[in-house]
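Structural description and commentary
Each chain, letter by letter, is given below.
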Amino acid sequence: MRETKYWTWHMAAGVVILFLLGLHMLIMHTGGITHWFAPHGGEAISKENSLARDGMLFFTVTYILLLLVALYHGLYGLRTILFELTLKPAVEKAVSFVLVVVGLGLLGLGTWAAIAAHAIAGARG
Amino acid sequence: MAEIKRHDNRLGLWGWLGGGRWGVERYAYLLHRLTGLGILAYFLMHIFVTSLRATGRYVWLKGEFFDRPIFKMGEFLVFAAFAYHALNGIRLVLVELGFAVGKPIEPVYPYKTSLSVQRPLLVAMMILALVLVAAGGYEFLGLAK
């Protein structure tokens, strides 16, 4: 039952990623065509455009949400692939533990960066 | 709680790589795994690199470390992998939830499998993925400027 629940979350996270990462990709990689959320013109990845997006609460919140669901989806997917190699139960536990620690560590780093960047962009006005 | 019965994975990594006689969906599965692992590897590095902006370092700007053709090419590959993984993923979720596979029927010869019922969905998703990759390539090649 527990694995079924994890798998359902994996699928649900995929649907959330589809929208959030889809938006991120459209802004970053078709910016030359769409010019969305790049108020200073030019490339979407320029410092001015990055700061403009960091200053918007919408982007800070969605960056953290995307980070959470993408880490879960990616690391759970990796765990599924590794478990298919028929690991010993003790190794499975160790793999799960390492992936949880890595996931929480990266979630902490990314969340701190998104909040700090929002504060920096806010201070610049 | 029922105990999970464990079966040995006799084929190991070859079981992922060899599509055998299982048709195009088996290769779609393989590509889904490879693109997923590629995106994950990029994503973990992306978290570190983009977090540097909180310390005032924008290492992807012109003249900085990541402003090299090899990284631009890598980014395009990630974009293409995302396009494929996302659209094939939509198909997988729909099939998992029972959509696009038809209603259960009696197995009367000549058999019609749910694989062939969902195949138009696979084709439609692959065409959409190609359109997205083409749009991304247009941007990456600098044609959009």
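Residues numbered from 1 in each chain as written. Chains lettered and ligands numbered in written order. Predicted model: local features only at pLDDT ≥ 70, side-chain atom pairs only at ≥ 80, totals over all residues. Heavy atoms only, no water.

All right, on to the overall build of chain B then. What chain B contains, in helices and strands, is four helices and zero strands. Along chain B, from the amino end to the carboxyl end, the secondary structure elements read α-α-α-α. Here the C-alpha atoms of chain B give a radius of gyration of 20 Å, more than 25% beyond the 15 Å that 2.2 N^0.38 yields for 145 residues. Within chain B, buried positions represent 32% of all 145 residues. Once local pairs closer than 6 in sequence are excluded, the contacts in chain B between residues at least 24 apart make up 62%. (Helix = DSSP H or I, 4+ residues; strand = E, 2+ residues; numbered from the N terminus. Rg over C-alpha atoms; globule rule 2.2 N^0.38 Å. Buried < 20%, exposed > 50% of the residue type's maximum accessible area, 1.4 Å probe, protein only. Contact = heavy atoms within 4.5 Å.)

Let's shift gears to the packing of aromatic side chains. All names here are of chain A. Within the structure shown, the criterion is met by twelve aromatic pairs over all chains. Ring centres of F59 and Y63 lie 5.9 Å apart, and the angle between their planes is 50 degrees; this geometry places the pair in the tilted category. Linking F59 with Y63, this pair stays in helix α4 (residues 57-83), spanning four residues, or about one helical turn. According to the relative accessible area criterion, F59 is buried, its value standing at 3%. When its relative accessible area of 21% is taken as the criterion, Y63 is described as partly exposed. In this structure an aromatic cluster arises from ring pairing among Y6, W9, Y72 and Y76. (Phe/Tyr/Trp six-rings, centres within 6.5 Å; stacked < 30°, edge-to-face > 60°.)

The next thing to look at is the packing of helix α2 (residues 24-51) of chain B against helix α4 (residues 114-140) of chain B. Residue and element names in this part refer to chain B. Packing of α2 against α4 leaves a shortest axis separation of 11 Å and a crossing angle of 55 degrees. One way to sum up the angle between α2 and α4 is to call them oblique. Contacts between α2 and α4 involve V24, E25 and A28 from the first element and L115, Q118, R119 and L122 from the second. In the contact of α2 with α4, the residues fall into four nonpolar, one polar and two charged. (Axes fitted to C-alpha atoms, helices over the stretch in contact; angles between N-to-C directions. Parallel < 35°, antiparallel > 145°, perpendicular 65-115°, else oblique. Nonpolar A, V, L, I, M, F, W, Y, C, P; charged D, E, K, R; others polar.)

A few words now on the nonpolar core. If you look at the biggest cluster of nonpolar residues, it comprises 25 residues, and the most contacted ones within it are A:L66 and A:L71. At the level of elements, α1 (2-29), α4 and α5 (89-123) of chain A together with α2 and α3 (69-96) of chain B are the ones that each hand at least two residues to this core. At seven residues, α4(A) tops the list of elements feeding residues into this core. Non-local contacts of A:L66, meaning those with residues more than four positions away in its chain, are made with A:I17, A:L20, A:L21 and A:L71. (Core = buried A, V, L, I, M, F, W, Y, C linked by side-chain atoms within 4.5 Å.)

A few words on the pattern of salt bridges. Within the structure shown, the criterion is met by four salt bridges over all chains. Ionic pairing is found between A:D54 and B:R53, a salt bridge with its closest N-O pair at 2.8 Å. Here the residue A:D54 occupies a position in helix α3 (residues 47-54), and B:R53 occupies one in the loop between α2 and α3, the pair thus bridging two chains. Here A:D54 falls in the buried class, since its relative accessible area comes to 3%. Under the relative-accessibility criterion, B:R53 is labelled buried at 11%. Residue B:E25 pairs with B:R119 through a salt bridge whose shortest N-O separation is 2.7 Å. (Salt bridge = Lys/Arg side-chain N within 4 Å of Asp/Glu carboxyl O.)

On to the environment of B:A129, then. Residue and element names in this part refer to chain B. Along the chain, the position of A129 falls in helix α4. For the pair A129 and F65, spaced 64 residues apart in sequence, the C-alpha to C-alpha distance is 30 Å. Apart from the residues lying within four places of it in its own chain, the contact partners of A129 are A83, Y84 and L87.

With that settled, consider unusual backbone geometry. Outside of glycine, negative phi angles account for most residues, and trans bonds account for most peptide bonds. Residue and element names in this part refer to chain B. The omega angle of the peptide bond from Y109 to P110 is -5 degrees, so this bond is cis rather than trans. In this structure, P110 sits in the loop between α3 and α4. Residues other than glycine seldom take positive phi values, yet A100 does so here, at roughly 65 degrees. Under the relative-accessibility criterion, A100 is labelled partly exposed at 35%.

Let us look at empty space enclosed by the protein. All names here are of chain A. Evaluation of the coordinates by the stated rule reveals one cavity of 30 Å³ or more. Each pocket or cavity is described by its volume, and for the largest cavity that value is around 80 Å³. Residue lining of the largest cavity: L20, L23, H24, I27, R53, F59, T62, Y63 and L66, and that is the complete set. Of all the secondary structure elements, the ones that give two or more residues to the lining of the largest cavity are α1 and α4. (1 Å grid on protein atoms, 1.4 Å probe; cavity = no way out; pocket = protein on both sides within 12 Å on 5 of 7 lines; lining within 4 Å. Points joined across faces, edges and corners; volume = space filled by probe spheres on them.)

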